[in-house]
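Observations on the model geometry
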Amino acid sequence: MNQMNILPRERLPELQLIRAFAIIGVLSVHSTSYAVSAMTDSKYFFIYNFMNIFMKYGTPTFIFLSSFVLFYNYYDRPMTKKLIGGFYKKRLLYIIIPYTLFSVFYFTLLHFLYYQGRPFGDTVESFVQKLLTGKAYTHLYFVFISIQFYVLFPLVLWLFKKVPRLVQWAIPIGLVIQWTFILMNKYYWQVPNKGSWAFSYIAYFMLGAFIGIYYPKLKAWLVISRANARSYRIVAWLMLWNAWGTAGFIHVSMYYNSRLYGTVYNSTLYELMWNAHTYLGTLVLLQFAILFYRAGVHSWTSALERLGAVSFGIYLIHPFFLLLYRQFPITTGNSLLTHLWYAGGFAAALGCSWIVVELTVRFIPGSWVIFGNIPKAKKPVKQGDAPALPLSGS
């Protein structure tokens, strides 16, 4: 394909909103992790349980979105050594280096908190093992998974370009691979920490590939608008949102019954409802983000765009502020103060992390080493004049 004949793809600034919604989901889950075990006797337990389970769309959405952006940007470009070399260079600089730095940070922090008497040799061995498996801190598994997908991406891209018909089967291929891994691991392999391996999320990766490659053709189906409204599309939209809501309700209810009443469910059913809830949720969030962006509420849109832009940095550092915040617990039962303390955990994780990331990007040269490739905040402009944000992951 001639490079000169490749038309640049449409900019999609609304994708930053999806990143914002995804990081809000992640922070909600992490900030309620204590509450769902400590507040089972509260009449507001259903709220804590809802925020802890329904918001689990965060990690799958990030994986879907990363794949969407990569295939959207790369599929029509000729595969050359320069292209692939540039791809891996960016991942090394903006993903792997910050991941390594934060692995050192969290491992050192935990060492001084809990393992000061451990021999030096054991400490080094433990760090290397955790660095290579994404276990230096509980949230770093996601970056480890992302790195695995970055390794797979050029191979999958080459395969799809070599055999374009395979793209049509990307969704069932992803689901089959993921569920084969889930079932084989349950009954035979029993791989420890299976959630740290890409096969646990490959259905989202393949869904992102499918949507990213075919987005120009699928746009009329994905973008809810009066211009795209046809009876068959409206039915499809309603079916999608209803299926997502139903799956989410069942997913939340299962954990509610299990945590509150000790109800026992088959582990495969948990996997199924999580997968259905979050898989459908990626498409719902895509549609919702486009609707929200087009609504033109500039103050909210601008803030969410910026939150999306700094989401990787917030993801990396927010557990540190949660750890600090939880050093000062409030133990007054079911009082209003207790509920406010739990809500404050979310606010502290989001607010402190956002401030630190923004200050670092603004005032520290070479901040990409710490938080990746985050652009500096720009002065607000009118919604109609807002330039399309570059797609991260390109």
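In every chain, residue numbers begin from 1 and rise along the written sequence. Selection of residues for local features in this predicted model requires a pLDDT of at least 70, selection of side-chain atom pairs for listing and counting requires 80 or more, and totals for whole chains, interfaces and linings are taken over all residues. To obtain the side-chain values, all non-hydrogen atoms of the structure were used and water was disregarded.

Residues belong to one nonpolar core when they are buried, are Ala, Val, Leu, Ile, Met, Phe, Trp, Tyr or Cys, and are joined through side-chain atoms within 4.5 Å. Type-normalised accessible area, obtained with a 1.4 Å probe on protein chains alone, sets the label of each residue: buried when under 20%, exposed when over 50%, and partly exposed for intermediate values. Core analysis: the largest hydrophobic core is formed by 95 residues, its most contacted members being F68, F71, V143, F160, I211 and Y215. Only DSSP runs of H or I with at least four residues qualify as helices, and only runs of E with at least two residues qualify as strands; both kinds are numbered from the N terminus onward. If you tally residues by element for this core, the top one is helix α9 (residues 202-222), at 13 residues. Residues in contact with I211, not counting those within four places in the same chain, are F64, F68, L218, L222, L283 and L286. In this structure, M39, F45, W341 and Y342 belong to the second largest nonpolar core, which totals 7 residues. We call two residues in contact when some of their heavy atoms are within 4.5 Å.

This part covers unusual backbone geometry. A negative phi angle characterises most non-glycine residues, just as the trans form characterises most peptide bonds. If you check the backbone angles, Q190 has positive phi at about 50 degrees while not being a glycine. Of note, Q190 is situated in the loop between α8 (170-189) and α9. Residue classification places Q190 among the exposed positions, given a relative accessible area of 55%. Positive phi outside glycine occurs at N193, with the angle close to 55 degrees.

Structurally, Y187 is set in helix α8. Spatially, the C-alpha atoms of Y187 and A348 are 41 Å apart, while their sequence positions differ by 161 residues.

Right, let's talk about the packing of aromatic side chains for a bit. By convention, a stacked pair of Phe, Tyr or Trp rings (six-membered ring in the case of Trp) has centres within 6.5 Å and planes under 30 degrees apart, an edge-to-face pair has planes over 60 apart, and any other such pair is tilted. Applying the stated criterion to the full structure yields 47 aromatic pairs. Judged by centre distance (6.2 Å) and plane angle (80 degrees), the ring pair of F21 and F292 falls under edge-to-face. Placement of F21 in helix α1 (residues 15-31) and of F292 in helix α11 (residues 267-295) is noted, with a sequence separation of 271 residues between them. Of the residues examined, F292 reaches a relative accessible area of 21% and is grouped as partly exposed. Ring geometry for F102 and F371: centres 5.7 Å apart, planes at 40 degrees, overall tilted. Within this pair, whereas F102 is found in helix α5 (residues 81-114), its partner F371 is found in helix α15 (residues 368-371), the two being separated by 269 residues in sequence. Residue classification places F371 among the buried residues on the basis of a relative accessible area of 3%. Taken together, the ring pairs connect F71, Y74, F87, Y88, F149, Y150, F153, F160 and F205 into an aromatic cluster. The ring of Y75 has K161 sitting right over it, with the charged end atom 5.5 Å from the ring centre. Cation placement over rings: the criterion is NZ of Lys or CZ of Arg within 6 Å of the ring centroid and within 35° of the ring normal. Above the plane of the ring of W221 lies R233, whose end atom (NZ or CZ) is 5.5 Å from the centre.

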